[in-house]
Amino acid sequence: MAQSTKAIQRLLDKSEYELFTRTQRRTIGGATDAELKELSVQLRERRDRARSIARQQRREMRRKSEPQGARPASDNSGTKAKADMLTSALKRVGAERTRRTEKLHAPSQRSLARKALALKQRQEAAKTQPASRQAGKGMKSVPSSKAGKSGALDHAGQRSAMHRSKFAR
């Protein structure tokens, strides 16, 4: 769910908000690869810290651990939302880095056209007439080792076929 700018500013401190704004669509495209790598490292550190604080606050609320501050935590929704914001920023950085990597490894239109032309020429060459006009030996017939069926030719089943035709079944 999209958050308003004021809500995001309320969740994040000044340095985290600056990192968050650098990951937005209009600004992330202008960053270099080294800047993106450094940005992902910083965001990951901040996200992990927010996650661990939220986890500690959740334990304090359940009375599973001692309070870290002067009084035990009563709610961890703000810290959890902060971690979620930093996670979404980290996902945007990762998506941009993946997009750039795929763009580097993608074949150019020129190479794809040359490949298609080569395939077409190879297919046309295969359609030409063979070098010799001699037919091969082809398939050889294999005689069946099974006995002929009743009523088969060459008198093999003639008697039983005649017997069936004379009498009712």
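Further up the page is the structure itself.
### Notes on the overall build of the chain
Helix and strand content of the chain: 7 helices and 0 strands. Helices (α) and strands (β) of the chain occur, in sequence order from the N terminus, as α-α-α-α-α-α-α. For the chain, with 169 residues in total, the buried portion stands at 19%. Partitioning the contacts of the chain with sequence separation of at least 6, the portion at a separation of at least 24 is 60%. Carbon together with sulfur atoms contributes 52% to the accessible area of the chain, which is approximately 14,300 Å² in total.

### Structural notes on the side chain of Arg-100
With respect to the helices and strands, the residue Arg-100 is situated in helix 5 (residues 77-105). Here Ile-28 takes part through its backbone oxygen, which lies 3.4 Å from a polar atom of the side chain of Arg-100. A polar contact is formed between the side chain of Arg-100 and the backbone oxygen of Gly-29, at a distance of 3.1 Å. Filtering out sequence-adjacent residues up to four positions away, Arg-100 remains in contact with Ile-28, Gly-29, Ala-31, Thr-32, Asp-33 and Leu-36.

### Focus: helix 2 (residues 14-22)
Inspection of helix 2 places Glu-16, Leu-19 and Phe-20 among the buried residues, and these make up the whole buried set. Looking straight down helix 2, one finds its buried side chains confined to an arc of 100°; they lie on one side. Elements in contact with the buried residues of helix 2: helix 1 (5-11), helix 4 (33-61) and helix 5.

### Details of the nonpolar core
Within the largest apolar cluster, 14 residues are counted, with the highest numbers of intra-cluster contacts made by Leu-12, Phe-20, Leu-43 and Val-93. If you list the elements that add at least two residues to this core, you get helix 2, helix 4 and helix 5. In terms of residues, this core owes the most to one element, helix 5, which gives 5 residues. Non-local contacts of Val-93, meaning those with residues more than four positions away in its chain, are made with Thr-23, Ile-28, Leu-36, Leu-39, Ser-40 and Leu-43.

### What about the pattern of salt bridges?
According to the stated counting rule, one finds 6 salt bridges in the structure shown. Among the ionic pairs, Glu-16 bridges to Lys-82, the shortest N-O distance being 3.2 Å. Placement of the pair is Glu-16 in helix 2 and Lys-82 in helix 5, with a sequence separation of 66 residues. Given the relative accessible area of 18%, Lys-82 is considered buried.

Each value, and the rule that gives it
- Residues numbered from 1 in each chain as written.
- Predicted model: local features only at pLDDT ≥ 70, side-chain atom pairs only at ≥ 80, totals over all residues.
- Heavy atoms only, no water.
- Helix = DSSP H or I, 4+ residues; strand = E, 2+ residues; numbered from the N terminus.
- Buried < 20%, exposed > 50% of the residue type's maximum accessible area, 1.4 Å probe, protein only.
- Contact = heavy atoms within 4.5 Å.
- Areas by Shrake-Rupley, 256 points an atom, 1.4 Å probe, with all protein chains shown as cover.
- Polar contact = N/O pair within 3.5 Å; in protein donor to acceptor, adjacent residues only side chain to side chain.
- Arc of directions from axis to C-beta.
- Core = buried A, V, L, I, M, F, W, Y, C linked by side-chain atoms within 4.5 Å.
- Salt bridge = Lys/Arg side-chain N within 4 Å of Asp/Glu carboxyl O.

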